[in-house]
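Given next are the chains, with one letter for each unit.
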Amino acid sequence: MKKNKLGATKLGLSQIGIGGAAFKDHTDPKDAKTVVEYAIKHGINYIDTSPWYINSEEILGKILPHISRSKYIISSKCGRNYSRDILEWFDFSFDKITESIDNSIEVLGCKYLDILLLS
């Protein structure tokens, strides 16, 4: 799989990535594991997710700790928030962004995020 360098970074992202939005609450975790393992085996190293993608980070968090961290590049998002009472709101404060990063790292079971997108 051909990889493209991301700007001035040393990150080489595969031209095709895995979109975590597909791994929502209706996804069988076994199917998600099959998809991720197949993709990585075939050179796809970019995984995009978000806390906004209901259960996506939780599902990936059961898969990624079993894959060498050098095999994938992961991005997540911050800024958009939701609750059962309020459909959604945005908060780009330092505290909320830091909280979002920490939560994503914990749920995903990885030590760091390679890319953070404000959404």
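For the structure, check the block above.
What comes next is a walk through the structure. (Residues numbered from 1 in each chain as written. Predicted model: local features only at pLDDT ≥ 70, side-chain atom pairs only at ≥ 80, totals over all residues. Heavy atoms only, no water.)

1. Points about the state of the cysteines
Here is step 1 of the chain: This structure, assessed with the given rule, holds zero disulfides.
Here is step 2 of the chain: Here C78 is not cross-linked by a disulfide; its sulfur's nearest cysteine counterpart is in C110, at 14 Å.
Here is step 3 of the chain: Relative accessible area serves as the criterion here: at 2%, C78 is assigned to the buried category.
Here is step 4 of the chain: Using a relative accessible area of 8% as the deciding quantity, one classes C110 as buried. (Disulfide = S-S within 2.5 Å. Buried < 20%, exposed > 50% of the residue type's maximum accessible area, 1.4 Å probe, protein only.)

2. Looking at the pairing of strand β5 (residues 73-78)
The two faces of the sheet receive side chains in turn, since in a regular strand these alternate between them.
Here is step 1 of the chain: Counting buried positions along β5 yields six of six residues, so the element is predominantly enclosed.
Here is step 2 of the chain: What you see with β5 is no split at all: I73, S75 and K77 on one side and I74, S76 and C78 on the other are buried throughout.
Here is step 3 of the chain: Where strand β4 (residues 46-48) lies against β5, three bridges are found, and the strand directions are parallel. Its bridge partner being in β5, Y46 is matched across the sheet by I73.
Here is step 4 of the chain: Crossover β4 to β5 through helix α2 (residues 56-63) is right-handed.
Here is step 5 of the chain: Note that β5 and strand β8 (residues 115-118) share four bridges and pair parallel. Within β8, the position partnered with K77 by the bridge is L117. (Helix = DSSP H or I, 4+ residues; strand = E, 2+ residues; numbered from the N terminus. Pairing = 2+ DSSP bridges. Right-handed = clockwise from strand over helix to strand, strands pointing away.)

3. Description of a nonpolar patch on the surface
Here is step 1 of the chain: Among the surface-exposed residues, F90, F92, L116 and L118 lie close enough to one another that they form a single nonpolar patch of about 390 Å² accessible area.
Here is step 2 of the chain: In this fold, L116 is placed in strand β8. (Patch = residues over 30% accessible without salt bridge, like charges linked within 9 Å, V, L, I, M, F, W, Y side chains within 5 Å. Areas by Shrake-Rupley, 256 points an atom, 1.4 Å probe, with all protein chains shown as cover. Salt bridge = Lys/Arg side-chain N within 4 Å of Asp/Glu carboxyl O.)

4. Regarding the pattern of salt bridges
Here is step 1 of the chain: As enumerated under the stated definition, the model contains four salt bridges in all.
Here is step 2 of the chain: In this structure, K33 and E37 form a salt bridge, with 3.0 Å as the shortest nitrogen-oxygen distance. Here the residue K33 and the residue E37 both occupy positions in helix α1 (residues 29-41), the gap between them amounting to four residues, near one helical turn.
Here is step 3 of the chain: When its relative accessible area of 39% is taken as the criterion, K33 is described as partly exposed.
Here is step 4 of the chain: The class of E37 is partly exposed, set by a relative accessible area of 38%.
Here is step 5 of the chain: The salt bridge involving E99 is made with K96; its shortest N-O contact spans 3.4 Å. Of this pair, E99 and K96 both sit in helix α3 (residues 94-108), three residues apart, which is roughly one turn of the helix.
Here is step 6 of the chain: By relative accessible area, E99 is classed as partly exposed at 38%.
Here is step 7 of the chain: Overall, the relative accessible area of 22% leaves K96 in the partly exposed class.

5. Quick notes on the side chain of K77
Here is step 1 of the chain: Tracing the chain through its elements places K77 in strand β5.
Here is step 2 of the chain: Among the polar contacts listed, one links the side chain of K77 to the backbone oxygen of T49, at a separation of 3.2 Å.
Here is step 3 of the chain: A polar side-chain atom of K77 sits 3.2 Å from a polar atom in the side chain of Y53.
Here is step 4 of the chain: The contacts of K77, once residues within four sequence positions are left out, are D48, T49, S50, P51, Y53, S100, L116, L117 and S119. (Polar contact = N/O pair within 3.5 Å; in protein donor to acceptor, adjacent residues only side chain to side chain. Contact = heavy atoms within 4.5 Å.)

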